[in-house]
Amino acid sequence: MTGRGIGFRKVILFNEHFVVYGIPAIASSIDSRIEAVVERVDDARDVSGPSSGLLRGDGWVLEDARLAGTGRRVEEFHEVEPLLLVFEALGLDPAEENLKITVAGDLETAGGIGSSAAFCVSVARALSDEFGLGLGDDAINRVAYEGEKAYAGTPSGIDNTVSTYGGMIYFVKNMSGGENRIERLDIESPIRIVMGNTGIPGKTRVSVSGVRRRREERPEEYSRIFEESRELIREAAAALKGHDLEEIGRLMDRNHELLQRIDVSHPMLDELVEIAMDSGALGAKMTGGGLGGHMIALTPLEESQERVATAMREAGFEATPTMIGVSSTKAEYRLDE
Ligand code: PMV
């Protein structure tokens, strides 16, 4: 028997970082996901595979089949801690089992695309499937949040939420520790974007703690910026609901400026934003933790998407055309059914 599960990859469209402080944010799954497969084996120690893509622990072996197009792995293989946290949150003791877990992605790209949450979600689903735990989305989301703590300390919860439910989501962290506000934001039709990759690994932990420190050091300046982000998100939700693409683009630009002001951007992210705007994107911004990692450009037409991706590649960056706002259905959760 094998257990299977998927997790959606995601991008944060508006208000990463601000979301950590209870300000609303909007994120979307992209047209890509990670699939995890859990198999019981006689002895996990006997499982062999590509040495570069194999991790071992007590009673389990994990194979990363998320190969990049170039033959490189999609991202640093650093999933031991999150995997152990997911086991623990599910009440499973891997030392009592013999498990082989394989994770694979359907998007050929080098450079991780916020796939840490998708990893936790897909593995949680596959384990729930294999052990007959029957966990629904809400429970999976909670388990994946525990796994995410390994990457980000005290994450806001937006990443695992979007990786669990898919689609476009308006998210507000509950600052008192209760249930977060999670609302589906339905848009008229999926929108094309390009993801630009700086090639520098994102440093979410570092950037989140930097914001915390500077916010304490410069409370007045930061409170003004945070208020602007609160206003911006209202306009962003309205623009997305109204499918006002030009306005969405303008607001992405403004959001990028706010993120620059809290010092989480990077010269290469800024350069990619400029390249995207110069080659016809309607808006562009960094996405996620920053200080490296990815940015996104709004390119609703196929032709502008191609032009922007080409411009990024010509400048030596990796570019991935994809979509936001692709609706997800529960039926998709098991790829083999
Ligand atoms: O770097 P990512 O893609 O995992 O996104 C981090 C998002 C932050 O808002 C910076 C942190 C958080 O916990 O929400």
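These remarks concern the structure in this document. Note that this is a predicted model, so its numbers are computed, not measured.

Analysis parameters
Residues numbered from 1 in each chain as written. Predicted model: local features only at pLDDT ≥ 70, side-chain atom pairs only at ≥ 80, totals over all residues. Heavy atoms only, no water. Helix = DSSP H or I, 4+ residues; strand = E, 2+ residues; numbered from the N terminus. Buried < 20%, exposed > 50% of the residue type's maximum accessible area, 1.4 Å probe, protein only. Contact = heavy atoms within 4.5 Å. Areas by Shrake-Rupley, 256 points an atom, 1.4 Å probe, with all protein chains shown as cover. Near = heavy atom within 4 Å. Polar contact = N/O pair within 3.5 Å; in protein donor to acceptor, adjacent residues only side chain to side chain. Nonpolar A, V, L, I, M, F, W, Y, C, P; charged D, E, K, R; others polar. Domains from an automatic or database assignment. Axes fitted to C-alpha atoms, helices over the stretch in contact; angles between N-to-C directions. Parallel < 35°, antiparallel > 145°, perpendicular 65-115°, else oblique. Left-handed = near helix turned anticlockwise from the far one by under 90°.

The next subject is the overall build of the protein chain. Along the backbone of the protein chain there are nine helices and 11 strands. Going through the 337 residues of the protein chain one by one, you find that 56% of them count as buried. Within the protein chain, contacts between residues at least 6 apart in sequence are counted, and of these 74% link residues at least 24 apart. Working note: accessible area of the protein chain is about 14,200 Å², and carbon and sulfur atoms make up 47% of it.

Right, let's talk about the site of the ligand for a bit. Near the ligand you find 14 residues, and of these His 17, Ser 156, Asp 159, Thr 204 and Gly 289 are the closest. At a separation of 2.9 Å, an oxygen atom of the ligand approaches a polar side-chain atom of Lys 10. Asp 159 is positioned with one of its side-chain polar atoms (N or O) 2.7 Å from an oxygen atom of the ligand. Of all the secondary structure elements, the ones that give two or more residues to the shell around the ligand are strand S1 (2-14), helix H4 (158-165) and helix H5 (204-217). Among the residues forming the shell around the ligand, the class breakdown is six nonpolar, five polar and three charged. Per-domain counts for the shell around the ligand show at least three residues from each of domain 1 (2-184) and domain 2 (191-324).

Here we come to the side chain of Ser 156. As for its position among the elements, Ser 156 is in the loop between helix H3 (137-152) and H4. A distance of 3.2 Å separates a polar atom in the side chain of Ser 156 from the backbone nitrogen of Ile 158. Non-local contacts of Ser 156, meaning those with residues more than four positions away in its chain, are made with Val 19, Val 20, Tyr 145, Phe 171, Lys 173 and Asn 180.

Another point: the packing of helix H1 (residues 80-90) against H3. As a packed pair, H1 and H3 sit with axes 8 Å apart at the nearest point and diverge in direction by 150°. The orientation of H1 with respect to H3, classified from their angle, is roughly antiparallel. In this structure, the crossing between H1 and H3 has a hand that is right-handed. Side by side, H1 and H3 meet where Glu 81, Pro 82, Leu 85, Val 86, Ala 89 and Leu 90 of the first sit next to Val 143, Glu 146, Gly 147, Ala 150 and Tyr 151 of the second. Class assignment for the residues of the contact of H1 with H3 results in eight nonpolar, one polar and two charged.

With that settled, the discussion passes to the packing of helix H8 (residues 267-278) against helix H9 (residues 302-314). Where H8 contacts H9, the two axes come as close as 9 Å, and the packing angle between them is 135°. In terms of axis orientation, H8 runs oblique to H9. Between H8 and H9 the crossing geometry is right-handed. Residues Leu 272, Ile 275 and Ala 276 of H8 lie in contact with H9, whose contacting residues are Val 308, Ala 311 and Met 312. For the contact of H8 with H9, the class distribution of residues is six nonpolar, no polar and no charged.

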